[in-house]
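# Fold and geometry: a report
One letter stands for each residue in the lines below.
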Amino acid sequence: MRVFLTGATGFIGSAIVGELLAAGHEVLGLARSDAAADALARVGVGAHRGELSDTDSLAAGARTSEGVIHTAFIHDWSTPREAAAEADRRAVEALAGALEGSGKPLVVTSGTALLAPGRIGTEEDGPWSAETPRAASEAAVLAAASRGVRASIIRLAPTVHGPGDHGFVPMLIDIARRTGISAFVGDGANRWPAVHRLDAARLFRVALEEAAPGTRLHGVAEEGVPMRSIAQAIGTGLGVPVRGLAEEEARTHFDWFARWVAIDNPTSSARTRNAFGWRPQEPELLTDMRDSGYFSDMTTEDRHEYTETR
């Protein structure tokens, strides 16, 4: 299958590239720059020039392909979340519009963080609020599924980990290195689900090949890792003390990131595993943190420009 992949040079997208090529698919990657196009060429992937805001380019890439996987998202934390979510909705609608009536697969990335907090979320659950980022994109996917597109959703855990990670865990590490303490909020019992990038990549391929229209899949290997355990692993890795913070103190310590550090997002992937035979095989989060270079001296900014992943 010829697959158009947005976010193809990102942390997750590059793993999907490898998974698709190994399975015999041809990949066309969205490239925003000459450097991105060159990176794709080095791994045997064609480049389609464009960017997330260029919906005409996205539609053109989709029309030339037999299937689409959409992983790109604006993860620039200086951009309002509402603007990033709106850009994603427009991108999804452009891709879906190009595939309408074709029966071709469209796999769109979402996140488990849009589920109601404090209880175990399942694939049957919709977003807890229509105002939640990515909720509108999920609605667009379900609408496309009723218009002749084999459209499905993969909700990824907020912690997608592995060598080269430049997401939430490295942010926590950078904060701990800068402040001299590894902190959590309250008693640290709140939970983050997690998945290794290679396990996530396998799930994207499975969804492309097998998922029925309107299917939600959960890219979750660990249902919920207590934040206290993550903070303790960081404290051990950096040799700094570990401490719980009251809510007000946490807002000062973590700044805008405090809401993510405090989120309780336990999520099940039981239906995904049962329906598709997906079985995560890669190291779990705390093991990966210990063994995969998470405590090197690189900062989050050094690791990657965090704009085309997840």
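Just above, that's the structure.
For the structure given in this document, a descriptive report is provided here. (Residues numbered from 1 in each chain as written. Predicted model: local features only at pLDDT ≥ 70, side-chain atom pairs only at ≥ 80, totals over all residues. Heavy atoms only, no water.)

## Re the sheet that holds strand β5 (residues 105-111)
On the basis of which strands lie adjacent, the open sheet formed by seven strands has the order β3-β2-β1-β4-β5-β6-β10 and parallel pairing. At either margin of the open sheet sits one strand with a lone partner, and together these are β3 (46-49) and β10 (215-219). Across the sheet, the mean angle separating the axes of adjacent strands is 25° when strand polarity is ignored. Bridging between β5 and strand β6 (residues 150-156) involves seven bridges; their strand directions are parallel. Its bridge partner lying in β6, Pro 105 is registered against Arg 150. On the sheet, helix α7 (residues 197-210) packs against β1 (2-6), β4 (67-70), β5, β6 and β10 and is oriented at approximately 165° with respect to β6. (Pairing = 2+ DSSP bridges. Helix = DSSP H or I, 4+ residues; strand = E, 2+ residues; numbered from the N terminus. Axes fitted to C-alpha atoms, helices over the stretch in contact; angles between N-to-C directions. Contact = heavy atoms within 4.5 Å.)

## Some remarks on the side chain of Thr 132
Within the secondary structure, Thr 132 sits in the loop between β5 and α5 (135-145). According to the relative accessible area criterion, Thr 132 is buried, its value standing at 13%. In this structure the side chain of Thr 132 is engaged in a polar contact, spanning 3.1 Å, whose partner is the backbone oxygen of Ser 129. (Buried < 20%, exposed > 50% of the residue type's maximum accessible area, 1.4 Å probe, protein only. Polar contact = N/O pair within 3.5 Å; in protein donor to acceptor, adjacent residues only side chain to side chain.)

## Things to note about empty space enclosed by the protein
Scanning all chains against the criterion turns up two cavities of 30 Å³ or more. Within this model, the largest cavity holds a volume of roughly 60 Å³. If you trace the largest cavity, you find it lined by Leu 172, Ile 175, Ala 176, Ile 181, Ser 182, Ala 183, Met 227, Ile 230, Ala 231, Ile 234, His 253 and Phe 254. Looking at the lining of the largest cavity, the elements with two or more residues in it are α6 (168-179), β8 (182-185), α8 (227-238) and α9 (247-254). In terms of residue count, the dominant contributor to the lining of the largest cavity is α8 (four residues). Across the lining of the largest cavity, the residue classes tally to 10 nonpolar, two polar and no charged. (1 Å grid on protein atoms, 1.4 Å probe; cavity = no way out; pocket = protein on both sides within 12 Å on 5 of 7 lines; lining within 4 Å. Points joined across faces, edges and corners; volume = space filled by probe spheres on them. Nonpolar A, V, L, I, M, F, W, Y, C, P; charged D, E, K, R; others polar.)

## As for the packing of α6 against α8
Each pair of packed helices can be described by the angle between their axes along with the distance between the axes. Remark: α6 packs on α8, axes separated minimally by 10 Å, with the N-to-C direction vectors making an angle of 55°. In terms of axis orientation, α6 runs oblique to α8. Crossing geometry of α6 relative to α8 is assigned as right-handed. Mapping the contact onto sequence places Leu 172, Ile 173, Ala 176 and Arg 177 in α6 and Met 227, Ile 230, Ile 234 and Leu 238 in α8. Per-class residue counts for the contact of α6 with α8 are seven nonpolar, no polar and one charged. (Parallel < 35°, antiparallel > 145°, perpendicular 65-115°, else oblique. Left-handed = near helix turned anticlockwise from the far one by under 90°.)

## Section: the layout of surface pockets
Rolled over the atoms, a probe sized like a water molecule indicates the empty space that remains. Reported here for the largest pocket is a volume of approximately 920 Å³. Contributing to the lining of the largest pocket are 38 residues, with Arg 81, Pro 133, Arg 134, Arg 259 and Trp 260 lying nearest its centre. Of all the secondary structure elements, the ones that give two or more residues to the lining of the largest pocket are α4 (81-99), β5, α5 and α10 (258-261). If you tally residues by element for the lining of the largest pocket, the top one is α4, at six residues.

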